[in-house]
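Each chain is listed here by its residues.
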Amino acid sequence: QVQLIESGGGLVQAGGSLRLTCAASGHTASVSLMGWFRQAPGKEREFVAANWRDGKTFYGGSVKGRFTISRDNAKNAVYLQMNSLKPEDTAVYYCAAQRIGTGKYEYWGQGTQVTVTS
């Protein structure tokens with residue numbers, strides 16, 4: 001089992017920045033891919049960014065160029081630096097993890113709220 005705990009959400013004005021942290025614990029050696037998703041009220045969950053253990057990253061189209069995902073394998077943590085925030089970035093942000101070879105996100109955090117005001 002892997003446990004994920006997010007932190008760093010909050011209230012920020014448009015154009016501002018926030019940094020989210022996801023701390024993983026448990027059987028972290030089995031984790032290959034860690035990612036961030038978000039869900040706004042009344043909308044479907046949206047992929048934000050993901051980071052493979054070897055450092056490769058990929059992003060959802062709506063955040064590319066503004067958000068940066070990074071990972072510290074020694075600390076079992078993944079970070080999401082969010083710059084140039086827009087009101088439409090308002091959502092609950094979730095950290096998720098895949099075990100090696102499964103191809104699916106099996107582990108999820110409880111989420112952290114990000115609210116961007118105009």
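These notes cover the structure that comes with them. Quick caveat, the model's predicted, so the values are computed rather than measured.

## What about unusual backbone geometry?
Moving on, step 1. One non-glycine residue with positive phi stands out, namely N76, at about 55°.
Moving on, step 2. Inspection of the secondary structure assignment puts N76 in the loop between β7 (67-72) and β8 (77-82).
Moving on, step 3. The residue S84 is not glycine, and still its phi comes out positive at about 50°.
Moving on, step 4. Its relative accessible area of 42% is what places S84 among the partly exposed residues.

## Re the sheet that holds strand β3 (residues 18-26)
Moving on, step 1. One open sheet accounts for 4 strands, arranged β1-β3-β8-β7; its pairing is antiparallel. Both edges of this open sheet fall to β1 (2-7) and β7, since each of them pairs with a single strand only. Adjacent strand axes in the sheet meet at a mean angle of 15° when their direction is disregarded.
Moving on, step 2. Here β3 pairs with β8 via 6 bridges, running antiparallel. Bridged to L20 within β8 is L80.

## A word on the environment of R66
Moving on, step 1. Inspection of the secondary structure puts R66 in the loop between β6 (57-59) and β7.
Moving on, step 2. A relative accessible area of 11% places R66 in the buried class.
Moving on, step 3. Here the alpha-carbon distance between R66 and E44, two residues 22 residues apart in the chain, equals 21 Å.
Moving on, step 4. In contact with R66, not counting residues within four places along its chain, are Q81, M82, N83, S84, L85, K86 and D89.
Moving on, step 5. A polar side-chain atom of R66 sits 2.9 Å from the main-chain carbonyl oxygen of S84.
Moving on, step 6. In this structure the side chain of R66 is engaged in a polar contact, spanning 2.7 Å, whose partner is the side chain of D89.

## Quick notes on the pairing of strand β9 (residues 91-99)
Each regular strand displays side chains that alternate between the two surfaces of the sheet.
Moving on, step 1. Relative to β9, strand β4 (residues 31-39) runs antiparallel, the two sharing 8 bridges. Opposite V31, over in β9, you have R99 as the bridge partner.
Moving on, step 2. In this sheet, strand β11 (residues 112-117) lies alongside β9 in antiparallel orientation, the contact comprising 3 bridges. In the sheet register, A91 faces β11, and the bridge partner there is V114.
Moving on, step 3. Judged from the 3 bridges that link them, β9 and strand β10 (residues 105-108) form a sheet pairing that is antiparallel. Note on β10: the bridge partner recorded for Q98 is Y105.
Moving on, step 4. The turn joining β9 and β10, which pair antiparallel and follow one another in sequence, is formed by 5 residues; a positive phi near 85° is taken by G101.

## As for the nonpolar core
Moving on, step 1. Of all hydrophobic cores here, the largest spans 27 residues; its most connected members are L4, M34, W36, L80, M82 and Y93.
Moving on, step 2. Contributing elements (two or more residues each) for this core: β1, β3, β4, β5 (46-52), β7, β8, β9 and β11.
Moving on, step 3. Membership of the second largest hydrophobic core comes to 5 residues, among which are L33, F37, A50 and Y105.

What counts as what
- Position numbers for residues count from 1 along each chain, tracking the sequence in the order it is written.
- A pLDDT threshold of at least 70 governs which residues receive local features in this predicted model, and a stricter bar of 80 or more applies before side-chain atom pairs are shown or counted, although totals over entire chains, interfaces and linings include all residues.
- Note: side-chain values were computed over all heavy atoms of the structure, leaving out hydrogens and water.
- For helices the rule is a DSSP run of H or I covering at least 4 residues; for strands it is a run of E covering at least 2, with both sets numbered from the N terminus onward.
- Only protein chains enter the area calculation, which uses a 1.4 Å probe; residues under 20% of their type maximum are buried, those over 50% are exposed, and those in between are partly exposed.
- Pairing between strands is defined by DSSP: at least two bridges between them are needed.
- In this analysis an axis means a line fitted to C-alpha atoms, helices contributing only their contacting stretch, and an angle means the value between N-to-C directions, from 0 to 180 degrees.
- Should any heavy atoms of two residues lie within 4.5 Å, those residues are counted as being in contact.
- The term polar contact refers here to a pair of N or O atoms within 3.5 Å; inside protein, the definition further demands a hydrogen-donor-capable atom paired with an acceptor-capable atom, and it admits residues adjacent in sequence only when both atoms are side-chain atoms.
- Within this scheme, the nonpolar core is defined by two criteria: the residues are buried Ala, Val, Leu, Ile, Met, Phe, Trp, Tyr or Cys, and they are joined through side-chain atoms within 4.5 Å.

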